[in-house]
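The chain contents come next:
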Amino acid sequence: MSDCVETTEPSPDEDRRGFLTKLCLGLSGLIGAMITLPGVGFVLAPVFAKPKQVWRKLGKLEEYEVGKTVSVEFKDAIDQPWAGVTALSGAWLRRVSEDEFIAFSINCRHLGCPVNWVEDASLFMCPCHGGVYYEDGEVAAGPPPEPLARYTVRVKDGFVEIETSSVPLTTNDQV
């Protein structure tokens, strides 16, 4: 009897096969991560990104009459070069006093339909599902769950400016 213990060393073919298996698994994992990470980043970016806010000029101060509510258009804060007409957004602007303005989102908080200002009744009305808002944007009737969203407005160098940002259409939006 011999006292030596027999050890089996892998053959060169088995070493090569093991190395190639590990190499293939590693490269497959790397390629999978390269394909998956941009998609994950795209999905999670809005959660962590701060909404872009830009001041847009609406017109000269003298163009707006005290006590009147008018529709205004401006370029959206998140417009893209290819957006064209879709980069335009709207708001209802009311001049409250000589230097104070209120701006409401043009979209109903129920499902985002554009609301109309009815001067005679002093109400904002949504034609889609009958939502009605008072002149201060509070809900008067219908399905809207909350008041019209407001924009920040300022007067600077004789121009009325609105701070554009992403405005949630409904309470389901997590902005």
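Before reading on, note that the structure itself is shown above.
What you are looking at is a predicted structure, and each value in this text was computed from that prediction instead of being measured.

## So, the overall build of the protein
For the protein, the count of helices and strands is one helix and ten strands. The linear arrangement of helices and strands in the protein, starting from the amino end, is α-β-β-β-β-β-β-β-β-β-β. Within the protein, contacts between residues separated by at least 24 positions form 49% of all contacts whose residues are at least 6 apart in sequence. As displayed, the protein offers around 11900 Å² of accessible surface, 58% of which is attributable to carbon and sulfur atoms.

## Observations regarding the nonpolar core
Grouped together as the largest cluster of nonpolar side chains are 13 residues, with contacts concentrated most on Leu58, Tyr64, Leu93, Phe101, Val160 and Ile162. Among the nonpolar cores identified, the runner-up in size contains twelve residues, and Ile102, Ile106, Phe124 and Tyr133 belong to it.

## Let's talk about the side chain of arginine 94
Locating arginine 94 in the fold gives a position in strand β3 (residues 88–95). One buried charged residue, arginine 94, remains without a salt bridge, the closest side chain of opposite sign being glutamate 135 at 4.3 Å. A distance of 2.7 Å separates a polar atom in the side chain of arginine 94 from the backbone oxygen of glutamate 135. Sequence-distant contacts of arginine 94, that is, excluding residues within four places in its chain, are made with Lys68, Thr69, Glu100, Phe101, Ile102, Phe104, Trp117, Phe124 and Glu135.

## Remarks on the pattern of salt bridges
When the charged atoms of two side chains with opposite charge come close together, those side chains can pair. All told, the structure shown has three salt bridges when counted by the stated rule. Close ionic contact of arginine 109 with glutamate 146 constitutes a salt bridge, the shortest N to O distance being 2.2 Å. Here arginine 109 is found in the loop between β4 (101–105) and β5 (116–118), whereas its partner glutamate 146 is found in the loop between β8 (139–141) and β9 (150–156), with 37 residues between them in sequence. The exposure class assigned to arginine 109 is buried, which follows from its relative accessible area of 8%. With a relative accessible area of 23%, glutamate 146 lands in the partly exposed category. Residue glutamate 161 is joined to arginine 154 by a salt bridge in which the shortest nitrogen-to-oxygen separation is 2.7 Å. Taking the relative accessible area as the measure of exposure, glutamate 161 reaches 7% and is therefore buried.

## Looking at the sheet that holds β8
The four strands are arranged β5-β6-β7-β8 in an open sheet whose pairing can be described as antiparallel. Every other strand in the sheet has two partners, leaving β5 and β8 as the edge strands with one partner each. Recorded for the sheet is a direction-independent mean angle of 35° between the axes of neighbouring strands. Pairing analysis gives three bridges linking β5 to strand β6 (residues 123–125), with the strands arranged antiparallel. Across the sheet, residue asparagine 116 finds its bridge partner in β6, namely methionine 125.

Thresholds applied
- Residues numbered from 1 in each chain as written.
- Predicted model: local features only at pLDDT ≥ 70, side-chain atom pairs only at ≥ 80, totals over all residues.
- Heavy atoms only, no water.
- Helix = DSSP H or I, 4+ residues; strand = E, 2+ residues; numbered from the N terminus.
- Contact = heavy atoms within 4.5 Å.
- Areas by Shrake-Rupley, 256 points an atom, 1.4 Å probe, with all protein chains shown as cover.
- Core = buried A, V, L, I, M, F, W, Y, C linked by side-chain atoms within 4.5 Å.
- Buried < 20%, exposed > 50% of the residue type's maximum accessible area, 1.4 Å probe, protein only.
- Lys, Arg positive; Asp, Glu negative; His and termini not counted.
- Salt bridge = Lys/Arg side-chain N within 4 Å of Asp/Glu carboxyl O.
- Polar contact = N/O pair within 3.5 Å; in protein donor to acceptor, adjacent residues only side chain to side chain.
- Pairing = 2+ DSSP bridges.
- Axes fitted to C-alpha atoms, helices over the stretch in contact; angles between N-to-C directions.

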